Amino acid sequence: MKKVYLDNAATTPLRKEVIDEMMLVLQSDYGNPSSTHSYGRSAKTALETSRKTIAKCLACSSQEIVFTANATEATNWILRNAVCKLGVKRIITSKVEHHATLYTVQNLQKEFEIEVSYVNVLASGEIDLTQLVNLLSINTKTIVTLMHVNNETGSVLDCDKVGRICEQHKALFHCDTVQSIGKTEFNLNEIQVDFIVASAHKFHGPKGIGFAYIKKGIVMQPMLYGGEQEKGLRAGTEAVHQIVGMAKAIELAYKNLNEERIYITNLKSYCITKLQSNFPEIKINGTDTFYNILNVLLPFSEEKTAMILFNLDIKGIAVSRGSACQSGSIKPSHVLAEMLNADDLKKPSLRISFSHYNTKEDIDALIDGLKGL
Ligand code: PLP
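Residues numbered from 1 in each chain as written. Predicted model: local features only at pLDDT ≥ 70, side-chain atom pairs only at ≥ 80, totals over all residues. Heavy atoms only, no water.

Colleague: I tried to follow the site of the ligand on my own but got confused; where do I start?
Modeller: For the ligand, the full set of nearby residues is N70, A71, T72, H98, M147, N151, D176, V178, Q179, S199, H201 and K202. Here an oxygen atom of the ligand and a side-chain polar atom of Q179 are 2.8 Å apart. Burial of the ligand by the surrounding chains reaches 87%, relative to a free accessible area of 390 Å². Across the shell around the ligand, the residue classes break down as three nonpolar, seven polar and two charged. (Near = heavy atom within 4 Å. Polar contact = N/O pair within 3.5 Å; in protein donor to acceptor, adjacent residues only side chain to side chain. Areas by Shrake-Rupley, 256 points an atom, 1.4 Å probe, with all protein chains shown as cover. Nonpolar A, V, L, I, M, F, W, Y, C, P; charged D, E, K, R; others polar.)

Put into structure tokens, the structure is as follows:
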């Protein structure tokens, strides 16, 4: 059975070049970067070269990149630091954020009794920026945490604009860029953002490694205490092979960005056309969504909702209903709950997410699979 992977917002396959680079490190560069002998120095060089590569791709300084296990860890650290170290008394976020943000915010609220405001989400999936400005007009030390590209719908935040709004109101801005790093250009020299986070496995790199961008001048308290790794901010021996793999992945993502973006955009258009011609009542959830994510409301009965992913999976087709942790559960998506009416929310919505490894044949297989339901 030919298998079809259309769940690239959950995770992506590694590029061969990334595996090759990681294998080299695993086989030969096994020194501990903290050791002063040649093995250690070589590993340290690999680490710092990787940091420079990432910084170059994002137009920031390598000192602003801190390696973390993943984006969840980075977001937890940054938001906790904002409250505990930077004097933040209020967090502004939205109800469509990833749980890495939402649950961190909820826990900080319980622990420190800070104020939390949720900015409205429009039916298009976009964030109501007029309301954001209104919320910020109250003068309290604030961090705004909003995601760049929504992982379920692909709705896009205008980071430039939000950055300017935050700057005008002297609020900190943390942006969850997990779905957009390696898929769109970033110039961190220009965007007024204080923190961004990334996970390598979303851009064809390895799992278990990510990074935080912390704007120069912001004081962080250590996430973990121990050795001097990551300037004492995150103690523990670094996963050099993962870091080198992540750097290779981001480098290749930006090298091939234009070509792959055009390819994926065309694939998404093909998928929409095919879906609309086979299921004329289909609706797209979200407006002007990011080029690699398509969330559709299928004109199927409610009874089919629970079994749809299972039935596609039997046919070898991997798609998702929402974020990966919710897939397979019948709990409605917290993101779609903010955008759809009660009736539509009960119907099956599918998240189809593409990469440059997908083909039109994959889309045809998906359509056939859906027709057979
Ligand atoms: N933020 C967004 C938008 C995501 O899509 C994800 C993963 O799905 C995360 C955060 C968390 O990433 P990780 O599980 O790699 O920490």
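Still more to cover.
Colleague: Sorry if this is basic, but what is going on with the domain arrangement of the protein here?
Modeller: In many reports, interface size means the accessible area that the parts give up when they come together. Taken domain by domain, the protein holds domain 1 (4–12 + 257–371) and domain 2 (16–255). Relative to domain 2, the C-alpha centre of domain 1 lies at a distance of 27 Å. Contacts between the two partners involve 32 residues from domain 1 and, on the opposite side, 34 residues from domain 2. Carbon and sulfur atoms supply 50% of the area that domain 1 and domain 2 bury against each other, a total of about 2,600 Å² over both sides. Applying the counting criterion to the domain 1 and domain 2 interface returns one salt bridge. Measuring nitrogen to oxygen at the nearest pair gives 2.8 Å for the salt bridge that ties E185 to R261. The interface formed by domain 1 and domain 2 includes 18 residue pairs in polar contact (both at pLDDT 80 or more). Breaking the side of domain 1 that touches domain 2 down by element, the ones donating at least two residues are α8 (257–278) and β10 (293–297). A per-class count over the side of domain 1 that touches domain 2 returns 11 nonpolar, 16 polar and five charged. (Domains from an automatic or database assignment. Contact = heavy atoms within 4.5 Å. Buried area = accessible area lost by both parts, 1.4 Å probe. Salt bridge = Lys/Arg side-chain N within 4 Å of Asp/Glu carboxyl O. Helix = DSSP H or I, 4+ residues; strand = E, 2+ residues; numbered from the N terminus.)

Colleague: Explain the sheet that holds strand β3 (residues 90–94) here, please?
Modeller: The pairing of strands in a sheet comes from backbone hydrogen bonds and takes either a parallel or an antiparallel form. With mixed pairing, the seven strands of this open sheet are ordered in space as β2-β8-β7-β6-β5-β3-β4. If you trace the sheet from one side to the other, it starts and ends with β2 (65–68) and β4 (115–119), each paired once. On average, adjacent strands in this sheet sit at an angle of 20° to one another, irrespective of strand direction. (Pairing = 2+ DSSP bridges. Axes fitted to C-alpha atoms, helices over the stretch in contact; angles between N-to-C directions.)

Colleague: So what exactly am I meant to see when it comes to unusual backbone geometry here?
Modeller: For residues that are not glycine, phi is negative in most cases, and the peptide bond is trans in most cases. Here E113, not a glycine, exhibits a phi torsion of approximately 50°, which is positive. As for its position among the elements, E113 is in the loop between α4 (99–112) and β4. On the basis of relative accessibility, which here comes to 72%, the residue E113 falls in the exposed class. The backbone phi angle of D288 is positive, close to 50°, even though this residue is not glycine. Turning to its location among the elements, D288 is positioned in the loop between β9 (283–284) and β10. (Buried < 20%, exposed > 50% of the residue type's maximum accessible area, 1.4 Å probe, protein only.)

Colleague: Mind showing me how you'd approach the layout of surface pockets here?
Modeller: Vacant regions in the atomic arrangement are exposed by a probe of water-molecule size rolled over the atoms. Approximately 400 Å³ is the volume found for the largest pocket. Counting only elements with at least two residues in the lining of the largest pocket, the list comes to α2 (38–58) and β2. Element by element, the count of residues in the lining of the largest pocket is highest for α2, at three residues. For the lining of the largest pocket, the residue count by class is seven nonpolar, five polar and 10 charged. (1 Å grid on protein atoms, 1.4 Å probe; cavity = no way out; pocket = protein on both sides within 12 Å on 5 of 7 lines; lining within 4 Å. Points joined across faces, edges and corners; volume = space filled by probe spheres on them.)

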